[in-house]
Amino acid sequence: MTGRAATGRSYALLADGTTIEIRQAEPDDERAVRDFHEAMSPGNLYLRFFSMSRRAGEQEAQRVCRPPDAEHAALLAWLGDRIAGLASYEPAGEPGAAEVAFAVADDLHGRGIATLLLEHLVSLGQARHVQAFTAQTLPANTAMLGVFADAGLSVQRRALGDVIELTMPLPRERALGAESPYLDAVAEREQRAGAASLAPLLAPGSVAVVGTSRRRGSVGREILLNIRDAGFTGALYGVNPHATDIDGIPCLPSVTALPEPPDLAVLAVPPAGVVDAAEDAGKRGARALVVITSGLGADGNADLLAACRRHGMRLAGPNCFGVAVPAIGLDATFGARHPLDGKAGLVVQSGGIGIALLDHFSRLGVGISSFTSVGDKIDVSGNDLLMWWEQDSATRLAVLYLESFGNPRKFARTARRVSGAMPVLTVHAGRSAPGQRAAASHTAAAAAPLITREALFEQAGVIATTSLGEMLDAAALLANQPIPEGRRVVIVSNAGGAGVLAADACVEAGLTVAPVSPQTQRRLARVLPRGAALGGPVDTTAGVTGEAFARCLDLLAHDGDGQPSPNAVLALIVPTASADLEPTIRAARLPVPLACVILNQPETVRLLSAADGGPPVPAYAYPESAARALGHAARYSAWRSRPAGSVPSLPGIDTGLARAAVEGFLDRAPGGGWLPPTEAEHLLRCYGVPVVESRTVTSAAQASAAAASLGGHVALKAYVPGLVHKSDSGAVELDLHGPGDVRAAMSRLRRRFSRQLAGVTVQPMITGGTEVIIGIVQEPVFGPVVVFGLGGVATEVLGDHAARLAPLTDTDADDLIHSIRATPLLLGHRGQAAADIGALRDTLLRISQLADDLPQVAELDLNPVIARSDGAFAVDARVRVTSRHSADPFLRQLR
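No experiment lies behind these values; they were computed from the predicted model shown.

Quick notes on the rules
Residues numbered from 1 in each chain as written. Predicted model: local features only at pLDDT ≥ 70, side-chain atom pairs only at ≥ 80, totals over all residues. Heavy atoms only, no water. Pairing = 2+ DSSP bridges. Helix = DSSP H or I, 4+ residues; strand = E, 2+ residues; numbered from the N terminus. Axes fitted to C-alpha atoms, helices over the stretch in contact; angles between N-to-C directions. Contact = heavy atoms within 4.5 Å. 1 Å grid on protein atoms, 1.4 Å probe; cavity = no way out; pocket = protein on both sides within 12 Å on 5 of 7 lines; lining within 4 Å. Points joined across faces, edges and corners; volume = space filled by probe spheres on them. Nonpolar A, V, L, I, M, F, W, Y, C, P; charged D, E, K, R; others polar. Parallel < 35°, antiparallel > 145°, perpendicular 65-115°, else oblique. Left-handed = near helix turned anticlockwise from the far one by under 90°. Buried < 20%, exposed > 50% of the residue type's maximum accessible area, 1.4 Å probe, protein only. Expected span 1.5 Å × (residues − 1). pLDDT = per-residue confidence, 0-100. Salt bridge = Lys/Arg side-chain N within 4 Å of Asp/Glu carboxyl O. Phe/Tyr/Trp six-rings, centres within 6.5 Å; stacked < 30°, edge-to-face > 60°. Lys NZ or Arg CZ within 6 Å of the ring centre and 35° of its normal.

## Details of the sheet that holds strand β22 (residues 463-465)
- The seven strands lie next to each other as β17-β16-β19-β18-β20-β21-β22, forming an open sheet whose pairing is mixed. Each edge of the open sheet carries a strand with a single partner, namely β17 (330-333) and β22. Across the sheet, the mean angle from the axis of one strand to that of its neighbour is 20 degrees, orientation sign disregarded.
- Judged from the two bridges that link them, strand β16 (residues 322-325) and strand β19 (residues 368-373) form a sheet pairing that is antiparallel. Note that in β19 the partner of V323 across the bridge is T372.
- Here helix α12 (residues 382-391) sits on the sheet in contact with β18 (341-348), β19, β20 (397-401) and β21 (424-427), set at roughly 170 degrees to β20.

This is the structure:
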């Protein structure tokens, strides 16, 4: 997080998965920095680059370790108790530029230390509004030149005599859907390092279970036996001071007595012994922990995590169910059955949900590539598992059950990248107020608001379902059938009523029921029994034979005469005395996805395996289940095929003036608060937001004069500090014509608010158009969120809103405009003129940039914005600022 790496300490992963500490240099570090320099060889090109920029030795140590200020920063990378590298920047002599320098210990080159330090300097520089880094180096310093070239930064080179001067503008791209070479390069490095760090957890060569009991049914014993019985071929040990073996598995009295360092240690000990056991495991050389134990509390969790960081161990848990990788025979859980090897990667916070999903995916035949229960999730998280599955060729489907998010923006960017390669599914857990309370109690972390999570999932391409059953239905289809290329579904059934239900369910799932072309209808008439309905949905009648039904499926899947071809086939069958059509479904080979409904099957969903080894067909008990699964698949396909958006460069924005306005208000009100109307308008104009012209007055005479200058047809709004909902409080007077109306309105406002009235805003009346709301919320975990929806006094009653995480791309802005129920009003409805969508998009993008540039803006409401054919006009604005500073969600660091 920005600032954290500079003012405190943070941990990150090197290319080989090793944990390293990065923190700000302090005066107490002078001796260590001096020793670091003295230990470096003359041939160290990093040192040549560093020394060329700054004096070495004792003065250099003093410079590096002086207290940080706005223009100077120095970071140290610590590997254990030694300095592995350092980096700093100083003013470069040009406004907005800083000169950077690096040094890495002789024996640690090639491990990514300099690159990691550069990333942390970039994050720090961005937070301090540095615009570019500069550096001078020798042409022979290929190591340092390589760091800059591979970092993903845009590097401009210029020869200055015997040296090369490099200039690197700091990137500003942060939008989830926008292309960013720098963030993409950071993410690629993070993915490789993260996967390397998880190998001891998910591909261990040796495992020790600490806390194994001889008592049958105890958690530690069951985990130990599960690992053995699942076929794990690596070294396996139990740790029990009172036993030498358990069922033939060797036991040692302590972790320190193990004959070899275990890759993975599973802790199933009482809460009071967890931290000591973790310390012992770390000292013995363990590289990963799974902590089953619950009830450690916040302090216990902090101590546990600190032990893991000290010893470079990754941690799943505490309060978790374990991990499983069936392909290598690893079942370090206390489940009653071993999971089936397969293609679904699964991560859960709830152990009980994990048990159920393991059983369901095994029963379905989808199987598990890897399973991780993260419990309290104080280290390994959904982000880590997504990066593991990205490089794991066995995983074809990513499934997450998460009740909280530690770094949602990084999750969204990672999930977006993974979703481009495989479906990522989750469940909307904690949608209701009681559900959120339960999630907070269960995970000790606040559940995110529903609209915010929906925004995250929409932008990241995550398939979010409302229930576990719905997720399993979607997974059964996505894991086995191809992704549909559109929303057109052709329906065929041997029971007419089922076709009717399926058609309704498809429309409700956002699908289009495809009609059958006339030519295909004529072909079907020659195949199906008399009385069959051919137009779509097709009713073959109950007397259809298997051969005729097979021919019907093939004709419908290839239908395209004079109209778009169907993108999927939904077949609904019920066994009759005439024919059992299930073998027909199993034998079908179609060019589009096929889903089936068997109306009398007891299972809600199962897979029909193909006789010739082809892809299984998901069979559902209900038409609604099949339609929802197809709907999720079609929306995922549409998300994958849409073009990547970009964050446009907008003219007419003065970020410096806006930042000065916010800082000036905070100087007067350090605790923050609502900006007065004139200051709110000024801030918005700094970003080119189309605010309706207004005048602020304090008397009836001033109001009359202002009204006349604005055309005579005006509205008056009382400014009462602290008043939020003006309309509800009678603070708005509308549709005023002439001086008489204006004076009368001023009198009413004075009577209502008396001495609280600090002023009155006069605006021209804006008539016609559609009222919408555009807003910003600085969500504590998710950061800035842009909200759009139907505005005016109806905004809270109708609740027609959508949201996206800022900064928005142009695609995100268009998605927002088209994602509310009131969109038809904006596009022109029943003769009403269509709104200027381009003006709305521009306003959303400007508000989005404001939110991203100014984290001090905690809330912003433009309500209403009048969307008309001649533009968008912000009629009322509220802006609340605080002293908050944002964290960098994409900085490479561990929790």
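## Observations concerning the sheet that holds strand β33 (residues 732-737)
- The sheet built from four strands is open, its strands ordered β31-β34-β32-β33 with antiparallel pairing. A strand with exactly one partner marks an edge of an open sheet, and here the two such strands are β31 (695-697) and β33. Pairs of neighbouring strands in the sheet enclose a mean axial angle of 25 degrees, with direction left out of account.
- The pairing of strand β32 (residues 713-719) with β33 spans four bridges and is classified as antiparallel. Note on β33: the bridge partner recorded for H713 is H737.
- Helix-sheet contacts for helix α25 (residues 738-753) involve β32, β33 and β34 (759-764), and the interaxial angle to β33 is about 165 degrees.

## So, empty space enclosed by the protein
- One pass over the full model with this rule turns up four cavities of 30 Å³ or more.
- Approximately 80 Å³ is the volume found for the second largest cavity.
- Elements that contribute at least two residues to the lining of the second largest cavity include exactly α7 (181-202) and α13 (408-419).
- For the lining of the second largest cavity, the per-class residue count stands at four nonpolar, one polar and four charged.

## Some remarks on the packing of helix α5 (residues 113-127) against α7
- At a minimum axis separation of 12 Å, α5 and α7 run at an interaxial angle of 135 degrees. Taken together, α5 and α7 sit at an angle that is classed as oblique. Every pair of crossing elements has a handedness; the one defined by α5 and α7 is left-handed. Along its contact with α5, which presents T115, E119 and V122, the element α7 presents Y182, V186 and R189.
- Partitioning the contact of α5 with α7 into residue classes produces three nonpolar, one polar and two charged.

## Let's talk about the pairing of strand β29 (residues 617-620)
- Burial along β29 is two-sided: V617 and A619 facing one way and P618 and Y620 facing the other are all buried.
- In this sheet, β29 lies alongside strand β27 (residues 594-598) in parallel orientation, the contact comprising two bridges. In the sheet register, C596 faces β29, and the bridge partner there is A619.
- Alignment of strand β28 (residues 605-608) against β29, held across four bridges, turns out to be antiparallel. Paired with R606 across the strands is A619, a residue of β29.

## Focus on helix α19 (residues 546-557)
- Along its twelve residues, α19 runs 17 Å from first to last C-alpha, staying within 8% of the 16 Å computed at 1.5 Å per residue.
- For α19, the set of buried residues is A548, F549, C552, L553, L555, L556 and A557.
- Along its buried surface, α19 packs onto β23 (488-493), α18 (518-525), β25 (538-539), β26 (568-573) and α20 (582-587).

## Focus: the confidence of the model for the protein
- Residues with a pLDDT of 70 or more make up 94% of the protein, whose mean pLDDT is 90.
- pLDDT under 50 marks residues 47-55. Its contacts with residues more than four places away, or in other chains, come to 36 contacts.
- For residues 439-447, every residue scores under 50 in pLDDT, and the model assigns this stretch 16 contacts once sequence neighbours within four places are set aside.

## Observations regarding the packing of helix α24 (residues 700-709) against α25
- Two elements in contact, α24 and α25, have axes whose closest approach is 9 Å; the angle formed by their N-to-C orientations is 140 degrees. Between α24 and α25, the angle is such that the two are oblique. Note that α24 runs across α25; the crossing there is right-handed. Contacts between α24 and α25 involve A700, A703, S704 and A707 from the former and P739, V742, R743 and M746 from the latter.

## Considerations on helix α8 (residues 219-229)
- All of the buried residues along α8 are G220, R221, I223, L224, L225, N226 and I227.
- Remark: G231 follows α8 within two positions and exhibits a positive phi of approximately 100 degrees.

## Some words on the pattern of salt bridges
- One pass over the structure, following the stated rule, counts 38 salt bridges.
- When the shortest N-O distance is used, the salt bridge between E119 and R189 registers 2.7 Å. Linking E119 in helix α5 with R189 in helix α7, this pair joins segments that are 70 residues apart in sequence. Each member of the pair, E119 as well as R189, carries the same accessibility label: buried.
- A salt bridge links E733 to R752; the nearest nitrogen and oxygen atoms lie 2.8 Å apart. One end of the pair, E733, is in strand β33; the other, R752, is in helix α25, with 19 residues separating them in the sequence.
- Each member of the salt-bridge network shares a partner with another, and the members are R9, E21, R23 and D29.

## Points about the environment of G688
- Here G688 is to be found in the loop between α23 (677-686) and β31.
- Using a relative accessible area of 31% as the deciding quantity, one classes G688 as partly exposed.
- Taking C-alpha positions, G688 is 47 Å from A84, a pair spaced 604 residues apart along the chain.
- Beyond its immediate sequence surroundings of up to four residues, G688 is in contact with G652 and R846.

## Considerations on unusual backbone geometry
- Residue G317 is joined to P318 through a cis peptide bond whose omega torsion reads -5 degrees.
- Considering the arrangement of structural elements, one finds P318 in the loop between β15 (314-316) and β16.
- Residue P807 is bonded to the preceding A806 through a cis peptide linkage, with omega at 0 degrees.
- Relative to the assigned elements, P807 resides in the loop between β37 (801-805) and α27 (810-818).
- Look at K377: it is not a glycine, yet its phi comes out positive at around 60 degrees.
- Note that K377 resides in the loop between β19 and α12.
- On the basis of relative accessibility, which here comes to 4%, the residue K377 falls in the buried class.
- A positive phi is found at D735, a non-glycine position, where the angle reads about 55 degrees.
- Residue position: D735 is located in strand β33.

## Quick notes on the pairing of β16
- Burial along β16 is two-sided: the residues G322 and A324 and V323 and V325 are all buried.
- Bridging between β16 and β17 involves four bridges; their strand directions are antiparallel. Among the inter-strand pairings, A324 is bridged to a residue of β17, identified as D331.
- The turn joining β16 and β17, which pair antiparallel and follow one another in sequence, is formed by four residues; a positive phi near 75 degrees is taken by G329.

## Considering the packing of aromatic side chains
- Enumeration according to the criterion identifies eight aromatic pairs in this entry.
- Relative to F334, the ring of F321 has its centre 4.8 Å away and its plane inclined at 70 degrees; by these criteria the two rings are edge-to-face. Pair noted here: F321 is in the loop between β15 and β16 and F334 is in the loop between β17 and β18, with a separation of 13 residues, a long-range link.
- Between the aromatic rings of F321 and F371, the centroid separation amounts to 6.0 Å while the plane-to-plane angle is 75 degrees, which identifies the pairing as edge-to-face. A residue pair is termed long-range when its members are at least 10 positions apart, and F321 in the loop between β15 and β16 and F371 in strand β19 qualify at 50 residues. The same class applies to F321 as to F371, namely buried.
- Of the aromatic side chains, those joined through ring pairs into one cluster are F405, F411, F457 and F782.
- The lysine or arginine in question, R413, covers the ring of F890, its NZ or CZ lying 5.7 Å from the ring centre.

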